[in-house]
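# Commentary on secondary and tertiary structure
In case you want the letters, here they are:
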Amino acid sequence: MRKVVRYAKEGARKARKPSQDGSAAAEGNEGKASKIRFSWDTDKDDILLKEVILIRPFQFRKKTVERGRAWQQVAEALQKMGFKVNQRAVRDRMKVLMDAVRGRNNVEKAASGIAPDDTEEQKHRHEVIEDLIQEEEDVELAPRDRGDEERKKADAVEMRRASCETFGETRKRQQGEGSTTPKKGRNTGSETLNYLNTKLEMDREMRKQEIEKRAEEAERQRLAEERRREEERARDRRYEMMHEQMMQQQQQMQQQLVLHQQQAQQQNQQMQMMVMALVKALENKNDK
């Protein structure tokens, strides 16, 4: 796994170097646009692979105008989806992915065919990139001279056959002499597109479900907040009613106190009047 990481890092460093694909005019026009920074992840890589499979830039030789135009079409298709990329960015990203797969294959061959445990998604992405690498190699190995066509084709077939046989024998020896490994066929473009479309649809569905869950959670929180506020308002109303009742009781008590004081004052006045009348009556009696 350390070698795989090393190969991936080497591929990333190489991807920063100026690419040789496309026409000289297209590369000249990139200039300052090549400084665009864009963060890639597995989902964006899948979308990139889908567009590369549709447009097929590797069907053209390196350093050709046709290949440069194909990469420009890939960049424009991604730009319509909101990707801040240009021709060089998508070309360099594909180079990073392909270099990582090449390095991993070399590590697996050196380790007697032992492959790490990958998910089905990682395996399928690996196979898709391998098909693109094979397509590029087939185009580059295709003879330019018709006189050398048969010889170069036979050499290429022989090289691929020898490589496959060595790798197959290594895997067979590692897994045991009694086991047989089914031969892996090359994926068709339709199968790859179906897989990528299915994955993108599943991702969209998962995002949709996640958004719905967040909306439901937000609605629950909103209702809970409304209930809490309603309880607070009811509590405040009860407090206000209790306060009003206490104020009314205090007012009634004050009124009763005032009334009692008035009654006591009247009684005192009556007592004083009675005392004065009694004193006067006694004085008149004494005078007689």
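Further up the page is the structure itself.
All figures in this text were calculated on a predicted structure; none of them were measured in a lab.

What follows concerns the pattern of salt bridges. Applying the stated criterion across every chain, the model contains 21 salt bridges. With a closest N to O distance of 2.8 Å, Arg 56 and Glu 135 form a salt bridge. Placement of Arg 56 in the loop between helix H3 (42–55) and helix H4 (65–80) and of Glu 135 in helix H6 (residues 120–141) is noted, with a sequence separation of 79 residues between them. What makes Glu 135 buried here is its relative accessible area of 12%. A salt bridge links Asp 99 to Arg 102; the shortest N-O distance between them is 3.0 Å. With Asp 99 and Arg 102 both in helix H5 (residues 87–110), this residue pair falls 3 residues apart, about one helical turn. What makes Asp 99 buried here is its relative accessible area of 13%. Shared partners join several salt bridges into a network, and the residues in it are Arg 67, Lys 95, Asp 99, Arg 102, Glu 136 and Glu 140.

A separate point is the nonpolar core. With 28 residues, the main nonpolar core has Leu 48, Val 52, Val 74, Leu 78, Val 90 and Met 94 as its most contacted residues. In contact with Leu 78, other than residues within four places in its own chain, are Trp 40, Ile 47, Leu 48, Glu 51, Phe 83, Val 85 and Val 90.

In this section: the packing of H3 against H5. Relative orientation of the contacting elements H3 and H5 amounts to 105°, with a least axis distance of 11 Å. Here H3 is positioned roughly perpendicular relative to H5, judged by the angle of their axes. Across from Asp 45, Leu 48, Leu 49 and Val 52 in H3, the residues of H5 making contact are Val 90, Arg 93, Met 94 and Leu 97. Counted by class, the contact of H3 with H5 contains 6 nonpolar, no polar and 2 charged residues.

Conventions and cut-offs
Residues numbered from 1 in each chain as written. Predicted model: local features only at pLDDT ≥ 70, side-chain atom pairs only at ≥ 80, totals over all residues. Heavy atoms only, no water. Salt bridge = Lys/Arg side-chain N within 4 Å of Asp/Glu carboxyl O. Helix = DSSP H or I, 4+ residues; strand = E, 2+ residues; numbered from the N terminus. Buried < 20%, exposed > 50% of the residue type's maximum accessible area, 1.4 Å probe, protein only. Core = buried A, V, L, I, M, F, W, Y, C linked by side-chain atoms within 4.5 Å. Contact = heavy atoms within 4.5 Å. Axes fitted to C-alpha atoms, helices over the stretch in contact; angles between N-to-C directions. Parallel < 35°, antiparallel > 145°, perpendicular 65-115°, else oblique. Nonpolar A, V, L, I, M, F, W, Y, C, P; charged D, E, K, R; others polar.

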